[in-house]
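# Geometric and topological summary
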Amino acid sequence: MKTINKTITIVSLIDVVGALANDTLNGNIYLMDNNKSNGSSDQGTEVLKTLVKEGDQLVWTVMSLEPEAYASIKEIIIDSDYCVPEQKTYEGSDVTYWVGKVKKNPKSTPYNLKIQVGTQEQALMTTSSPSLVGS
Amino acid sequence: MSQEITIIVMIDTAAAINANTLEGNIYLVDNLKTEGSEGEGTGQLNTAVNGAHWIDGSQSGEHLLNWLPSGIGSLPPSLPRTFHQHKSKLIDRKNLLSIKNMPQMKGLQSAEDFSKELHRISQTIGSTSNIKDAHGNVSDLGIKVMNIFGEPFIKDQEPSSNISYLPPLITNITGEAVDKGVIFPAQYGTPISIKDGWYWSASVDTNKTGNYAYTLHISIYKLSYIGEMPTWEPIKMTHESYLNVTSAPKKNGFTHGAMAELPILQISV
C-alpha cells in the first residue's frame, strides 16, 4: 500500500448577488472544510483556519448561494514554500477545482482567494485571509 | 415584496457519521443577511422572513423558502446531474478499449506481460456501488464510488478522506413552524443541476409573525463494504433551525411611502 496522506476539502460558498451588489467578497464568502474534527477552526467564516500537516492534499471547490449564479476560483495566493495550488477541471465538464499538496508544516500561513463572480471580468479577492495552520 | 429565500445546508458528512450527530457538523447560510437573518455560517441560523400586508391586513406577496443540502467532502453540486453516470460509463468504456487493444500493444509478449497489464487495468476500474433504502433493501446505484477529483475511488490505494460522499438528502420538514401553519413544505422536481432533480420548498404565511422553530430531517450516506461491494447506507439525522417572521404595511419601493401612483414628473414643453 502506498503512503496515505489525508485529503482536506475547503469549500468556498459565495453570495454572488451580495458580492456583485457591494463589489466585495467581504461579508459574502463562507469558508468551510472537512477537518474540523482534527482541529480546523472558524468554520463558516471568511477566516477559516484549516489544520494541515506536511503531505496533506488540499482541494478547493466553490459553490454559489444562488444556484443560478456563477462563481469560480481564479487564483489562490499563498506562500509557495507551503503550497503551490493548481487549477484542474472535472473531466467532461467546465467545473474547476484547485488542488495542492502541503509542502511543509505551517505555523500559520495566510492565503487569499481570487473569485470570479457572475459575468464581472475583474475577480474579487478575499479581504480577510483564511489560513493554513499547523498542530 | 415577494422573495425567494435560499437556505444552503452544508454538512461535513464524514464528521457527522463519526460523531453520529449533525450538531457541530452542519452550517446554514441564507441570502437574507442584509434583511436581518442571524447566525449565517453556523448551525443556529435564524432566517428573517420580512413579509408585508395590505391595509386590510391580508398578505401581500409570497415568500418562498428553498433548502439545498450539500456535502463539504462531496463533488461540487454545480457539476452536471449526469456527471456520475457519464463518468462511470466512460471509465468502463476506456478500460474495455484498453483490453481490446492489448494484442496490438508493444511490449506485451509473454502471458506474464498480459497478466500485469490486466492487473494494471483492474486497478483503475473502481467499483459500482449499491444503495440501501430506509427499509434495508439493497439495489444497484449504477454509479461508481468517486473520489473528490471525480475519478473512481480505489480502495486500499487512496485515503478514505478522498471519498466523495453522496450528497445529503432532506427527507422531511416538520416542527413548530409546520404545526402552526406558518410554513407549508413540500418536495418538488426541478431540472436545475445543483438541486439534483429535487428540492424542498415552502411558502410562508407571513401573517403569523413571530420566531418559529422547524426541524430538517436529513439522510446522510455512510459507505460500507459488504465483502468487496461498496454500499451506501442512509443514516437519519435531524437539525433544528429557525424563522423570524415579521410583517409590515406594504409600501412603495420607490418612495417608501404609501401605495399610490408613482410620482412621475409632468414636464410641460
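Residues numbered from 1 in each chain as written. Chains lettered and ligands numbered in written order. Predicted model: local features only at pLDDT ≥ 70, side-chain atom pairs only at ≥ 80, totals over all residues.

Another point: the pairing of strand β5 (residues 63-71) of chain B. Successive residues of a regular strand alternate their side chains across the two faces of the sheet. Residue and element names in this part refer to chain B. With 7 of its 9 residues buried, β5 lies for the most part within the structure. Where strand β1 (residues 3-11) and β5 come together, 9 bridges link them in parallel fashion. Its bridge partner being in β5, Ile5 is matched across the sheet by Leu65. Here β5 runs beside strand β10 (residues 198-204); their pairing, made up of 5 bridges, is antiparallel. (Buried ≥ 20, exposed ≤ 12 C-beta atoms within 10 Å, placed from the backbone. Helix = DSSP H or I, 4+ residues; strand = E, 2+ residues; numbered from the N terminus. Pairing = 2+ DSSP bridges.)

Next up on the list: unusual backbone geometry. Phi at Asp23 of chain A is positive, roughly 55°, even though this residue is not glycine. Inspection of the secondary structure assignment puts Asp23 of chain A in the loop between α1 (16-22) and β2 (29-33). The phi dihedral of Asp156 of chain B is positive, around 75°, even though this residue is not glycine. For Asp156 of chain B, the location among the structural elements is in the loop between β7 (138-144) and β8 (169-174). For Asp156 of chain B, a count of 8 C-beta atoms within 10 Å gives the class exposed.

This brings us to the confidence of the model for chain B. Residues and elements named next belong to chain B. On average, chain B scores 88 in pLDDT, and the residues at 70 or more come to 93%. For chain B, the element scoring lowest by mean pLDDT is strand β4 (residues 59-60), at 84; helix α4 (residues 176-179) scores highest, at 98. Quick note on the complex model: pTM equals 0.90, ipTM equals 0.93. (pLDDT = per-residue confidence, 0-100.)

Look at helix α3 (residues 111-125) of chain B: 21 Å from first C-alpha to last across 15 residues, which is about the 21 Å you get at 1.5 Å a residue. Count one or two residues on from α3 of chain B and you reach Gly126 of chain B, which has phi positive near 75°. (Expected span 1.5 Å × (residues − 1).)

So, about the environment of Gln3 of chain B. Residues and elements named next belong to chain B. Following the sequence through the fold, Gln3 ends up in strand β1. Among the residues examined, Gln3 registers 19 C-beta atoms within 10 Å and is labelled partly exposed. Sequence separation between Gln3 and Val49 is 46 residues; the distance between their C-alpha atoms is 8.6 Å.

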